[in-house]
Amino acid sequence: MIKSFFRIAWRNMMRSKGFSSINIAGLVVGMASAILILLWIQNEVSYDQFHEKKDRIYEAWNRAEFSGELNCWNTTPKVLARTLEKDLPEVEMAARVDWGSNFLFTVGDKKLTVRGTMVDSNFLQIFSFPLLKGNPTVVLKDMHSIVLTEKLAKKLFGKEDAMGKIIKIDNKENFTVTGILEDLPNNTRFRFEYLVPWAYKRFTGDDDENWGNNSTRTYVLLKPNATLASAAPKVKVMKQRYAKDEPKWEMFLYPMSKWRLYSSFTNGKEDGGGRITFVRLFGIVAAFILLIACINFMNLSTARSEKRAKEVGIRKVVGAQKISLIGQFIGESLLLSLIAGFFAIIVVQLSLGGFNKLTDKELYVPYGSPWFWLVGLGFVLFTGLLAGSYPAFFLSSFKPVKVLKGTFKKTQALVAPRKVLVVLQFTFAIILIICTIIVKQQIDYAQNRHTGYNKNSLIYHVFTGDIEKNFELIRNELLSTGAASSVTKTSAPITQSWSDGWGQEWEGKDPNDKTDFYRYNADQDLGKTAGLQFVQGRDFDLRKFPTDSTGMIINESSLKVMKFKNPIGKIVKDNGQEWHIVGVIKDFILTDPYQPTRPMLIAGGKAWFFTILIRLNSNNTTEKNLKTAESIFRKYNVEYPFEYKFVDEEYAQKFEDEQRIGTLAGLFAGLTIFISCLGLFGLAIYMAESRVKEIGVRKVLGASVSGLAALLSKDFLMLVLISFLLAVPVAWWAMHAWLSDYPYRITIQWWVFALAGLLSVLIALATVSYQAIRAALANPVKSLRTE
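Throughout this document, residue positions are counted from 1 along each chain, in the order its sequence is written. Thresholds applied to this predicted model are a pLDDT of at least 70 for local features of residues and 80 or more for the giving and counting of side-chain atom pairs; totals over whole chains, interfaces and linings are not thresholded and use all residues. Side-chain metrics in this entry use all non-hydrogen atoms of the structure; hydrogen atoms and water are not considered.

So, the overall build of the protein
In terms of regular secondary structure, the protein is built from 25 helices and 27 strands. Classification of residues uses two cut-offs on accessible area relative to the type maximum, computed with a 1.4 Å probe and protein chains only: under 20% is buried, over 50% is exposed, and between them is partly exposed. Expressed as a percentage of the 787 residues in the protein, the buried residues total 50%. Expressed as a percentage of contacts within the protein between residues at least 6 apart in sequence, the contacts between residues at least 24 apart total 79%. The way it works is that DSSP assigns letters per residue, a run of H or I at least four long becomes a helix, a run of E at least two long becomes a strand, and they are numbered from the N terminus. Contacts are assigned to residue pairs with any non-hydrogen atoms lying within 4.5 Å of each other.

Details of the packing of helix α16 (residues 471–480) against helix α19 (residues 622–636)
For any two helices packed against each other, the geometry is given by the interaxial angle and the distance between the axes. Simply put, an axis is a line fit to the C-alpha atoms, just over the touching stretch for a helix, and the angle between two N-to-C directions goes from 0 to 180 degrees. Where α16 contacts α19, the axes come no closer than 10 Å and their chain directions differ by 155 degrees. With respect to each other, α16 and α19 are oriented roughly antiparallel. The element α16 and its partner α19 pack so that their crossing is right-handed. Residue-level contacts link Leu473, Ile474, Glu477 and Leu478 of α16 to Ala629, Ile632, Phe633, Lys635 and Tyr636 of α19. Ten residue types, Ala, Val, Leu, Ile, Met, Phe, Trp, Tyr, Cys and Pro, are classed as nonpolar, four, Asp, Glu, Lys and Arg, as charged, and the remainder, Gly among them, as polar. Classifying every residue of the contact of α16 with α19 gives seven nonpolar, no polar and two charged. Roughly parallel covers angles under 35 degrees, roughly antiparallel covers those over 145, roughly perpendicular covers 65 to 115, and oblique covers all other angles. We call a crossing left-handed when the near helix sits turned anticlockwise from the far one by less than a right angle, and right-handed when that turn is clockwise.

Brief notes about the pattern of salt bridges
When a carboxyl oxygen of Asp or Glu lies within 4 Å of a side-chain nitrogen of Lys or Arg, that pair is called a salt bridge. In the structure shown here, the tally under the stated rule is 35 salt bridges. For Asp444, the salt bridge goes to Lys440, with nearest N and O atoms at 2.7 Å. In this pair, Asp444 and Lys440 are both assigned in helix α15 (residues 412–447), four residues apart and thus about one turn of the helix distant. You can call Lys440 partly exposed: its relative accessible area is 47%. Arg598 is the partner of Asp516 in a salt bridge, and the nearest nitrogen-oxygen pair spans 2.9 Å. One end of the pair, Asp516, is in the loop between β19 (505–506) and β20 (517–521); the other, Arg598, is in the loop between β24 (577–585) and β25 (600–603), and 82 residues separate them in sequence. In this structure, a network of salt bridges that share partners links the residues Arg82, Glu85, Arg96, Asp120, Arg202 and Asp207.

Digging into the side chain of His51
For His51, the position within the fold is in the loop between α2 (17–45) and β1 (57–66). The term polar contact refers here to a pair of N or O atoms within 3.5 Å; inside protein, the definition further demands a hydrogen-donor-capable atom paired with an acceptor-capable atom, and it admits residues adjacent in sequence only when both atoms are side-chain atoms. Here Ser128 takes part through its backbone nitrogen, which lies 2.9 Å from a polar atom of the side chain of His51. Each residue touching His51, except ones within four places of it in the same chain, is listed here: Ile57, Phe127, Ser128, Phe129 and Met256.

So, the pairing of strand β26 (residues 611–616)
In terms of burial, β26 is largely enclosed, as six of its six residues are buried. Strand pairing requires that DSSP identify at least two bridges connecting the strands. Pairing geometry for strand β16 (residues 458–462) and β26, over five bridges, is antiparallel. Note that in β26 the partner of Val462 across the bridge is Thr611.

Quick word on helix α3 (residues 80–87)
Considered for burial, the residues of α3 that qualify are Leu80, Ala81, Thr83, Leu84 and Asp87. Buried residues of α3 fall within an arc of 165 degrees about the axis and therefore sit on the same side. For this quantity, the arc is that covered by the directions from the helix axis to the C-beta atoms.

What about the sheet that holds β16?
Taken in spatial order, the four strands make up an open sheet running β17-β26-β16-β27, and their pairing is antiparallel. Each edge of the open sheet is held by one strand with a lone partner, namely β17 (484–490) and β27 (644–646). For this sheet, the mean angle separating the axes of adjacent strands, direction not counted, is 25 degrees. Strand contacts of α19: β16, β26 and β27, with the helix running at about 145 degrees to β26, the strand carrying the most contacts.

Brief notes about the packing of aromatic side chains
For this analysis, a ring pair means two rings from Phe, Tyr or Trp (six-membered ring only for Trp) whose centres lie within 6.5 Å, classed as stacked if their planes differ by under 30 degrees, edge-to-face if by over 60, and tilted for the remaining angles. Within the structure shown, the criterion is met by 49 aromatic pairs. Plain terms: the ring middles of Tyr254 and Phe265 are 5.5 Å apart, the flat faces sit at 55 degrees to each other, and that makes the pair tilted. One end of the pair, Tyr254, is in strand β13 (residues 250–255); the other, Phe265, is in strand β14 (residues 265–266), with 11 residues separating them in the sequence. Residue Tyr254 is classed as buried on the basis of its relative accessible area of 3%. The structure contains a cluster of three or more aromatic residues connected by ring pairs, namely Phe50, Phe123, Phe127, Phe129, Phe190, Phe192, Tyr219 and Trp259. Charge over a ring is defined by NZ of Lys or CZ of Arg lying within 6 Å of the ring centre and within 35 degrees of the ring normal. It is Arg260 that lies over the ring of Tyr47; its NZ or CZ is 3.8 Å from the centre.

Remarks on the environment of Val647
Summarising the element assignment, Val647 is placed in helix α20 (residues 647–652). Its relative accessible area of 1% is what places Val647 among the buried residues. Separated by 187 residues in the primary sequence, Val647 and Tyr460 have C-alpha atoms spaced 7.1 Å apart. If near-sequence neighbours (up to four positions away) are discounted, Val647 is found in contact with Tyr453, Lys455, Leu458, Ile459, Tyr460, Ile494, Thr495 and Leu613.

Quick notes on the nonpolar core
In summary, soluble globular proteins display a tendency toward joint burial of nonpolar side chains. Among buried residues, the Ala, Val, Leu, Ile, Met, Phe, Trp, Tyr and Cys ones that are joined through side-chain atoms within 4.5 Å form a nonpolar core. Core analysis: the biggest nonpolar cluster contains 112 residues, and Tyr453, Ile494, Phe588 and Ile602 have the highest contact counts within it. In terms of residue count, the dominant contributor to this core is α15 (17 residues). In contact with Phe588, not counting residues within four places along its chain, are Thr451, Gly452, Tyr453, Ile494, Leu532, Thr597, Met600 and Ile602. Core analysis: the second largest hydrophobic core is formed by 25 residues, Trp61, Ile126, Leu140 and Leu221 among them.

Quick notes on a nonpolar patch on the surface
Together, Phe342, Phe343, Ile346 and Leu350 make up an exposed nonpolar region whose accessible area comes to about 440 Å². Tracing the backbone shows Phe342 in helix α12 (residues 322–359). Only residues whose relative accessible area exceeds 30% and that form no salt bridge enter a patch; like-charged residues are grouped when within 9 Å of one another, and nonpolar side chains (Val, Leu, Ile, Met, Phe, Trp, Tyr) when within 5 Å. Surface accessibility in these figures is a Shrake-Rupley result with a 1.4 Å probe; residues are shielded only by whichever protein chains are displayed.

Re the environment of Leu222
Topologically, Leu222 is positioned in strand β12 (residues 214–222). Residues Leu222 and Tyr58, spaced 164 residues apart in sequence, show a C-alpha to C-alpha distance of 7.9 Å. Apart from the residues lying within four places of it in its own chain, the contact partners of Leu222 are Arg56, Tyr58, Glu90, Val91, Glu92, Thr227, Leu228, Ala231 and Leu253.

Observations regarding unusual backbone geometry
In this structure, Asn267 takes a positive phi of about 50 degrees despite not being glycine. In this structure, Asn267 sits in the loop between β14 and β15 (269–270). Look at Asp525: it is not a glycine, yet its phi comes out positive at around 70 degrees. Along the chain, the position of Asp525 falls in the loop between β20 and α17 (526–530). Take Asp525: its relative accessible area is 15%, and that puts it in the buried class.

Here's the deal with α19
Every helix has an expected span of 1.5 Å times one less than the residues it contains. Taking 1.5 Å of rise per residue, 15 residues should cover 21 Å, and α19 covers 21 Å from first to last C-alpha, within 8% of that figure. For α19, every residue scored as buried is listed here: Asn625, Leu626, Ala629, Ile632, Phe633 and Tyr636. For α19, the angular spread of buried residues about the axis comes to 125 degrees, placing them on one side. In this structure, α19 carries Glu623 and Lys627 as exposed residues pointing more than 90 degrees from its buried face. Lining the buried residues of α19 we find β16, α16, β26 and β27.

Things to note about the confidence of the model for the protein
Every residue gets a pLDDT, meaning the predictor's confidence in that residue, from 0 to 100. Averaged over all residues, the pLDDT of the protein equals 86, while 86% of them reach at least 70. Considering only residues more than four positions removed or in separate chains, one finds that residues 411–415, a stretch of pLDDT under 50, has four contacts.

What to know about the side chain of Thr149
With respect to the helices and strands, the residue Thr149 is situated in strand β8 (residues 145–149). Aside from chain neighbours lying at most four places away, what touches Thr149 is Ile180, Leu181, Asp183, Leu184, Phe192 and Glu193.

Encoded structure:
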């Protein structure tokens, strides 16, 4: 019987190639889009879920009040890990992980600057990153041991066995390769190409036991029989116990299962936001795109009801039961779904490269996994059942007596469900159009926000090797050769914050003030190099004012907090050092362009520095400036490559997430419209076929082509207008909620909805007008000849 169903289904499909092609095309696009989105969702929800001890792994977080609000963050004191192991019986072990290190690796004649991290020796016992060679319990025991990823080992040693080989780091210390890690999967938060023991950080003097220095991440593995409930109260008071000056400071353990998707806090509590919002959103989008494709199938199948009515009537007369007819029609939809599923996989494979680039992922189709084929088959069957269920019950319900007497007519009730389905299709399409426009507006709004400095022709270079020692020589030569118009050194790139703090003292300070200031350090000519705007005072100038080594520049937000009427010369005490204010600058964007600027303290030459900031000479070409600068850096920093970064390019990266959302929204909107228009096109073809005699009569009676085209198109346009009215409030609510996460945001304007409505009407009109005009232009003699 099943064989018979599929044979009949194949014949019907071949008999109506046009409708079948439209059905399959819609299903292919819908299924391919859903598969891509589901691959993205699977990647997101599986982040760091491959670790064997994942249910016992936690990250230490801080919670404290600043500026009247509870804040949470996941950097902790370096001393915390050993203290947790010592004080908490529930803790099996704890490991520290630094922010990352860029070491120069030297192997023979090869020199590479490589990104890695320093970790405690038990890191690979907590996390299940698979070692291809080496024992996880001992590979990081020795201070001069190093673990490489397989990819890095091949870069350094080619086909040779890297185990036991020597690598010189920063031309100082020799390290022995004690382990080879399998290359990291793309669904982990960790990004490193090598691991170096934390003992080396202690050796270089970068370790400390200061409870006020929150500069590392601490990961905790609880014992198998321990619970978070028993450990949490002890962790909560850990900071208070050892840092007596912070009585209200709390710490807590955050489970691995929430790291990727849920780590979003408002006033010290989880707010349900984070990346889980995007996962849910993409899940909804996948469901709706697939639903829209299925709606096409339902609409086109039921639209052809009159052509299938006699077939149903005859089958019922000769004894066919309703259940067998339902099975036949569902069999037809399953066949189309299987064909569409095959082509959808091809489309997914062809588009995966572009989709990966768009989403910044490394997604792949796991053809070797039995689960993939099982889930894939289930997905195809589900799509077929969903698409074919309504047509099957609809077509099998025809009364054979009415059908065979020729009295079967379409009623308004039979048409209504089809209209509802078309409205659903275009409602979702219009929602996505509106969302795409508003997301683009928000990105443009933030990108056009004045940064407070001039980012053009501005580059920076992180201190490596002898740059800090030879800074004055490098600066003088960059200026004398004309490669740069101004040079300074800073504690961090001007697009990043590497330090913040509280507890500063100044004259007239409110004892209850707990403002958290950005800390930034700079040498002379910061304002000139970065193009900062001074509202009071002046720039650092150590040549003219040697005391500027303890000078400080503050921004307008800091001035509001400190409430100085005449700030120049005022003393600010920070970490035991007194700084005198020499200037006040306008606020500039240091980190997030979507957030308000925060109070900032810029300390002078006596502070610490990690980068060199260079304003390239605008009188020369950029290429010439960079070539000259490279020769100077190689002269004074012989062993290291010249690795500069453009500030404007790094600033542009701050918009990548939002741009990705906007691009995806636009892509999904386009796909949704395409699928919906396929359905409209198919319905327009059927409409023209079913009303051909009516059109002939109207033409004979004098109806114009434009009048007939308008008559045939108006029903579809009415459905689109209804869709628009339904889409507007939903889109406004969704975008209002999305924008509420951005303090610096646009206001939603009425013309966005008008534009989306106009676009949807024009798209629908373009889709149906061809068939409407073609039908109106047909010769009425041919259509009426059979009467």
